[in-house]
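A closer look at the structure
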Amino acid sequence: MNVKPEGWAWAGRLAAFAGLFIAFGLVFGFVTASIAGLPGAEATVTLDWRSVTPVLLAACAATWLLAAGVDRRPLSALGLRGGSPGLAELGSGVLAGIAIIGAAILALAAPGWVSWSASSAPVLEGVKVSGLLLVAAFTEELLFRGYPFRVLQVRFGPVPAVVATSVAFGLMHGANPGVTPLALVNLALAGVLLGVAYWRSGSLWFVTGLHFGWNWVMAASGLPVSGLDVSISGLEAAVTGPVLWTGGAFGPEGALIITFVTALGTFWLWRVAGARRRSGSRWSTTGSLGDDDGSLDAGE
């Protein structure tokens, strides 16, 4: 039986997670800055190892301390299975992400709104940026579809958990270059897509792969990723279509086409990911996050 927490225990857990994440982020950020040097005054939202590493370490530390240290549940209860099963889930998520965002880019290319020309691109640079995209995707999934999602899911149910984490996910990108109201709506909808995939599959690796595949295709196509220039290939994209449909400088995530594709992708993942339910540990928040039956109903 999955017992709901009493009173405000759920809020205490979320506050503890946020506090630990911020504290670890400050510590790891200071250490990283000391080693790599402080960023320049012109720095804004960027994607590099100096900015990603402290956030990753802070998210991992906060998750492990609360899930494994305090609640004494294995990380597999969050959908982080080790070995071949985890790799298989990650890989299938990547393919799903490629399929969804690939459909949107093809829809933009069909009327000639996006075209490409070849340019030189260092292979090692592309590999480095691909690694950054994977780490960034995993970090964001830990923060939004990891421990906080589980706490909200157990206390309020999966739908409120999806909605709350999706709104937070969209707002997190509010400072990105070129962001627009439509872009924020689309990013919140992307959060719904990721939340549904996590709820239905029960695998944080699957949703990490989905997130990474989505971003990687945009970067490989020479298009901005949430307003950031993170091109990883020898393709230069020329966007000539209407901004409403192409997203302009923000990239496809600021386009109306993404609104429709994300909605269709969410429906598709509801069905596909629901068939990929994995055994794990069911979570509750009565005193520890877990029951003794050892099962995870991803569609609960």
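Residues numbered from 1 in each chain as written. Predicted model: local features only at pLDDT ≥ 70, side-chain atom pairs only at ≥ 80, totals over all residues. Heavy atoms only, no water.

Side note on the pattern of salt bridges
A full pass over the atoms with the stated rule returns three salt bridges. Close ionic contact of E89 with R81 constitutes a salt bridge, the shortest N to O distance being 2.9 Å. Judged by its relative accessible area of 23%, R81 is partly exposed. Note that R145 and E141 form a salt bridge whose closest N and O atoms lie 2.7 Å from each other. Taken individually, R145 and E141 each receive the classification buried, so the pair is uniform in this respect. (Salt bridge = Lys/Arg side-chain N within 4 Å of Asp/Glu carboxyl O. Buried < 20%, exposed > 50% of the residue type's maximum accessible area, 1.4 Å probe, protein only.)

Digging into the confidence of the model for the protein
Mean pLDDT over the protein works out to 85, with 84% of the residues at or above the 70 mark. Confidence over residues 278-300 falls short of pLDDT 50; this stretch has 75 contacts with residues more than four positions distant or in other chains. (pLDDT = per-residue confidence, 0-100. Contact = heavy atoms within 4.5 Å.)

Let's talk about the environment of V207
Structurally, V207 is set in helix α8 (residues 204-220). On the basis of relative accessible area, V207 is assigned to the buried category, the value being 0%. Not counting the four nearest positions on each side in its chain, V207 is found in contact with E141, L194, A197 and Y198. (Helix = DSSP H or I, 4+ residues; strand = E, 2+ residues; numbered from the N terminus.)

Quick notes on the nonpolar core
The biggest cluster of nonpolar side chains holds 62 residues, and the ones touching the most others in it are I100, I101, L193, L210, W214, V230 and L269. No other element matches the ten residues that α8 contributes to this core. (Core = buried A, V, L, I, M, F, W, Y, C linked by side-chain atoms within 4.5 Å.)

As for unusual backbone geometry
Phi is positive for R72, close to 55 degrees, though the residue is something other than glycine. On the secondary structure map, R72 appears in the loop between α2 (49-70) and α3 (83-109). Of note, S226 is a non-glycine position whose phi angle comes to about 55 degrees, a positive value. Inspection of the secondary structure assignment puts S226 in the loop between α8 and β2 (235-239).

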